[in-house]
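# Report on the structure
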Amino acid sequence: MRLTVIGCGYLGAVHAAAMASIGHEVVGIDVDEGKVESLSRGEAPFFEPDLQELLTAGVDSGALRFTTDIAAARGARVHFIAVGTPQQQGGYAADLTYVDAAVEALLPHLAPGDIVAGKSTVPVGTAARLAELIEPTGAVLVWNPEFLREGWAVKDTVEPDRLVVGVADGPDAGTVVETMKAVYHTAVAADTPFLVTDWATAELVKVAANAFLATKISFINAMAEIAEVTGADVTQLADAIGHDARIGRRFLGAGIGFGGGCLPKDIRAFAARAEELGRGESVGFLREVDAINLRRRDRAVELVVESLGGSVYEKRVTLLGAAFKPHSDDIRDSPALDVAVRLRGLGASVTVTDPAAIDNARRLHPQLNYVEDRDEALRGADAIVLVTEWDEYRRELTPEHTATLTDGRVVVDGRNGWDAAAWRAAGFAYHGMGRR
Ligand code: UGA
């Protein structure tokens, strides 16, 4: 099937490459010439496991191409809208400028029977508004939210755990659903749950899922706060409650909290939208979820200060990690970098290392010292802080090896990724988040 993907950022580039890999003919369209050039060469503009291979294969076979020319959308059966919806400047609501611009640009190229499939994360009600613009062209709008995780984006796109398609009632609905099933034919053949809903439900599924995940993380971080004043251990607590299948252990990792380009802005946009709908109180807890999350960054800074005797001034602190999570070079709203910048503000000499995100981090925070090599970064440190749980740090770095490099014997485990007893046995003062 011929498909277009409008917006070739994280979501769009992965979606375009994944759709080409399952046999479609795909044109990716973006206004950013640099991005289009690099994608056209088969180069991924960001770090994402397996994306490079998929892009190269798609571009080489001719099934996948990229352009800045929106007219290339003509003749495609489905047009995916995959542009970003960042947090508004100076507000909490989502900025829909790019979604509106993409739809406006697409309108003259739509033909009757085309499907416009919204993938961007939007406030509920957006689809109904956009449909008024799209329907006069004879095209049909569906809402088809995306649940991919950075670091697993290719797998999540090719083998999603569910597909959701929001369709308006009408004579075309059945054909539209069949076409969307044909788009995702591999997942459908693998019996992936395929849920057909209305537009509003589809829009809400996405923000509800992210709100739930954020709440789960903040719940366990709230327990970490209680553990800190009672001498309990939040990791054992998470293990114990996680055995209850109704609760589940995943996303109960206490630490410096969530960041990235999705969870923080999505819960804020959801709260803002609920206010507009006169139902602010229904998701008022999301403000608390946000506040708990941000407090954990304060707590990590506090722990480093306390563990260094009350001041970090002129102390050498090495942060292991810059990305908002492992397997990603994304530093958007990264708790790791937030902690690094605050420690620097308190007078510490801060060194940051990360296997993938140093270039991005340096662009945003040139004042920090960046060292590529992990061991070089650790050499001479007074304290080390685990802020992104890459395997290089969490699994492969041993306390014994670290002791040969650092001057000090202080570790702050911002991700509760290390074995406290092992670090203590090697002579380190170990400080976890919500752990004794
Ligand atoms: C999130 C959702 O997980 C995806 O399902 C969704 O599609 C995506 O947002 C999106 O809206 O596009 P992502 O931002 O890639 O995906 O990252 P997550 O894996 O959800 O992690 C988010 C943050 O939570 C990271 O900073 C991570 O370190 C933190 N986290 C995660 C914890 O602090 N504790 C945990 O137990 C799990």
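Residues numbered from 1 in each chain as written. Predicted model: local features only at pLDDT ≥ 70, side-chain atom pairs only at ≥ 80, totals over all residues. Heavy atoms only, no water.

### Some details on the site of the ligand
Close contacts around the ligand come from 21 residues, with Leu148, Glu150, Lys206, Asn210 and Gly253 the closest. Between the ligand and Gly253 there is a distance of 2.8 Å, counted from an oxygen atom to a backbone nitrogen or oxygen. Taken together, the elements giving at least two residues each to the shell around the ligand come down to helix H9 (199-230) and helix H11 (263-276). Ranked by the residues each element gives to the shell around the ligand, the list is headed by H9, at four residues. Residue composition of the shell around the ligand, grouped by class: ten nonpolar, four polar and seven charged. (Near = heavy atom within 4 Å. Polar contact = N/O pair within 3.5 Å; in protein donor to acceptor, adjacent residues only side chain to side chain. Helix = DSSP H or I, 4+ residues; strand = E, 2+ residues; numbered from the N terminus. Nonpolar A, V, L, I, M, F, W, Y, C, P; charged D, E, K, R; others polar.)

### Quick look at the domain arrangement of the protein chain
Along its sequence, the protein chain is organised into domain 1 (2-196) and domain 2 (214-432). Of note, the centres of domain 1 and domain 2, computed from C-alpha atoms alone, are 33 Å apart. Of the residues lining the interface, 17 residues belong to domain 1; the matching set on domain 2 comes to 19 residues. In total, about 1,400 Å² of surface goes out of reach between domain 1 and domain 2, with carbon and sulfur atoms giving 54% of it. Counting the surface domain 1 buries against domain 2, the share from its top three residues, Phe47, Tyr92 and Glu150, is 44%. The tally of links between domain 1 and domain 2 comes to one salt bridge. In this structure, Glu150 engages Arg332 in a salt bridge whose closest nitrogen and oxygen atoms are separated by 3.1 Å. The tally of links from domain 1 across to domain 2 stands at eight residue pairs in polar contact (both at pLDDT 80 or more). (Domains from an automatic or database assignment. Contact = heavy atoms within 4.5 Å. Buried area = accessible area lost by both parts, 1.4 Å probe. Salt bridge = Lys/Arg side-chain N within 4 Å of Asp/Glu carboxyl O.)

### A closer look at unusual backbone geometry
Backbone geometry places Asp50, a non-glycine residue, at a positive phi of 75 degrees. Mapped onto the fold, Asp50 is located in the loop between helix H2 (33-40) and helix H3 (51-61).

### Examining the sheet that holds strand S2 (residues 25-29)
Pairing is mixed across the open sheet formed by eight strands, whose spatial order is S3-S2-S1-S4-S5-S6-S7-S8. At either margin of the open sheet sits one strand with a lone partner, and together these are strand S3 (64-67) and strand S8 (194-197). Within the sheet, the average angular offset between the axes of one strand and its neighbour, ignoring direction, is 25 degrees. Where S2 lies against S3, four bridges are found, and the strand directions are parallel. Residue pairing across strands places Ile29 opposite Thr67, the latter belonging to S3. (Pairing = 2+ DSSP bridges. Axes fitted to C-alpha atoms, helices over the stretch in contact; angles between N-to-C directions.)

### Some remarks on H11
Its 14 residues give H11 an end-to-end C-alpha distance of 20 Å, which sits within 8% of 20 Å, the value for a rise of 1.5 Å per residue. H11 sits mainly inside the fold: twelve of its 14 residues count as buried. Three or more residues of H11 are buried, namely Leu263, Pro264, Lys265, Asp266, Ile267, Arg268, Ala269, Phe270, Ala271, Ala272, Arg273 and Ala274. Buried residues along H11 sit in contact with H9 and helix H12 (285-307). Looking one or two residues beyond H11, the residue adopting positive phi is Gly278, at roughly 75 degrees. (Expected span 1.5 Å × (residues − 1). Buried < 20%, exposed > 50% of the residue type's maximum accessible area, 1.4 Å probe, protein only.)

### Details of the sheet that holds strand S10 (residues 349-353)
As summarised here, the arrangement of the six strands in space is S11-S10-S9-S12-S13-S14, forming an open sheet in which the pairing is parallel. Two strands lie at the open edges of the sheet, namely strand S11 (369-370) and strand S14 (429-432), each paired on one side alone. Judged from the five bridges that link them, strand S9 (residues 316-320) and S10 form a sheet pairing that is parallel. Across the sheet, residue Leu319 finds its bridge partner in S10, namely Val352. Lying on the sheet, H12 is in contact with S9, strand S12 (383-386), strand S13 (410-413) and S14; it crosses S13 at an angle near 165 degrees. Seen against the sheet, helix H13 (residues 335-345) touches S9, S10 and S11 and runs at an angle of roughly 175 degrees to S9.

### Quick word on the state of the cysteines
For the structure shown, the criterion picks out zero disulfides. Looking at Cys8, it has no disulfide partner, and the nearest cysteine sulfur is the one in Cys262, 17 Å off. Taking the relative accessible area as the measure of exposure, Cys8 reaches 0% and is therefore buried. (Disulfide = S-S within 2.5 Å.)

### Regarding the packing of aromatic side chains
All told, the structure shown has five aromatic pairs when counted by the stated rule. Ring centres of Tyr10 and Phe46 lie 4.2 Å apart, and the angle between their planes is 20 degrees; on these two criteria the pair is classed as stacked. Placement of the pair is Tyr10 in helix H1 (residues 10-21) and Phe46 in the loop between H2 and H3, with a sequence separation of 36 residues. Judged by its relative accessible area of 14%, Tyr10 is buried. We classify Phe46 as buried; its relative accessible area is 14%. Taking 5.1 Å as the distance between ring centres and 75 degrees as the angle between the ring planes, the aromatic pair formed by Trp423 and Phe428 counts as edge-to-face. By relative accessible area, Phe428 is classed as buried at 4%. Taken together, the aromatic side chains of Trp418, Trp423 and Phe428 make up a single cluster linked through ring pairs. Seen from the ring of Phe147, Arg162 lies directly overhead, with NZ or CZ sitting 3.6 Å from the centre. Here the guanidinium or amino end of Arg409 rests over the ring plane of Phe428, the centre of that ring lying 5.3 Å away. (Phe/Tyr/Trp six-rings, centres within 6.5 Å; stacked < 30°, edge-to-face > 60°. Lys NZ or Arg CZ within 6 Å of the ring centre and 35° of its normal.)

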